[in-house]
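Results of the structural survey
These are the residues of each chain, in order.
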Amino acid sequence: MTAEGDTEAAGMRSDTGRAIGFSDAVFAIVITLLVLDLRVPETAPGGMLRALLDQWPVYLAYVTSYLYVAVNWLNHKGTFHRVRCADRGLHWANLGVLFSVALLPFVTALVSRAVEEGDVFDERVAVSAYGLVGVILSITWLWLYHYLSRHPELLEPHVPARFFEAERVRALLGVLAYAIAGLVGVFLSVPVALVVLLLLPIFYGLSSNGFYDLRRHLRHRR
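Looking at the overall build of the chain
Across its full length, the chain holds ten helices and zero strands. Walking the chain from its N terminus toward its C terminus, one meets helices and strands in the order α-α-α-α-α-α-α-α-α-α. Relative to its 222 residues, the chain shows a buried fraction of 43%. Long-range pairs, those at least 24 residues apart, make up 78% of the contacts in the chain with a sequence separation of at least 6.

Observations concerning helix H6 (residues 104-117)
The end-to-end C-alpha distance of H6 is 20 Å, a good match for the 20 Å that 14 residues give at a rise of 1.5 Å each. Buried residues of H6: Leu104, Pro105, Val107, Thr108, Val111, Ser112, Ala114 and Val115, and no others. Looking at the packing, one finds that the buried side of H6 touches helix H2 (17-36), helix H4 (56-80), helix H5 (88-101), helix H7 (120-150) and helix H9 (190-206). Just downstream of H6, Gly118 is the residue with a positive phi angle, here 85°.

Notes on the nonpolar core
Of all hydrophobic cores here, the largest spans 51 residues; its most connected members are Leu90, Leu104, Tyr130, Trp141, Leu144, Leu148 and Phe164. Looking at which element gives the most residues to this core, the answer is H7, with eleven residues. Apart from the residues lying within four places of it in its own chain, the contact partners of Leu104 are Leu34, Ser65, Tyr68, Val69, Tyr130 and Val133.

The rules behind these values
Residues numbered from 1 in each chain as written. Predicted model: local features only at pLDDT ≥ 70, side-chain atom pairs only at ≥ 80, totals over all residues. Heavy atoms only, no water. Helix = DSSP H or I, 4+ residues; strand = E, 2+ residues; numbered from the N terminus. Buried < 20%, exposed > 50% of the residue type's maximum accessible area, 1.4 Å probe, protein only. Contact = heavy atoms within 4.5 Å. Expected span 1.5 Å × (residues − 1). Core = buried A, V, L, I, M, F, W, Y, C linked by side-chain atoms within 4.5 Å.

What follows is the structure, given as structure tokens:
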């Protein structure tokens, strides 16, 4: 690339403030939409406790998706903490992540409604849809990490060159894990798939600052 091309490319870059602010707003809206599925049950006098207990699928779906959104926010924070400036390609990759996160309230409502009504076929459809969104979201993170691994000029000076190369493995694990969870829900057991979907955000929460941070935690526990 010529010096003129370098100057033009540098002019297309900007600080990450607007991307972070917009992303935080999207995460906040998604969490708000999740809460809207927690509804007050209509019941006769004296039946409130039973009606609340009968809504346990709604609570489980809410907790699972809240954890998932929280983990994605932590991942996003950890990622952009290492980014010095953004260009158009990074903005598009970030929008891909936000597009996928915004699907979570919809599939959360699907799962809670299907489990609450107890139809096995609908449960399988809903769990597979949730797993599919997990796959899509993991793919968008894979895209984001891959882009950053190929554009070290966007990163802070202290970030190791191989950091986002390693993070691609973490995203790829998400693609495989959510695909397996969806297939388990369709062909084997919906409850087992729900447990897997609940455990996955816990793993990604522990490694939200990268595999390096996870290894450090594991060494301290020994």
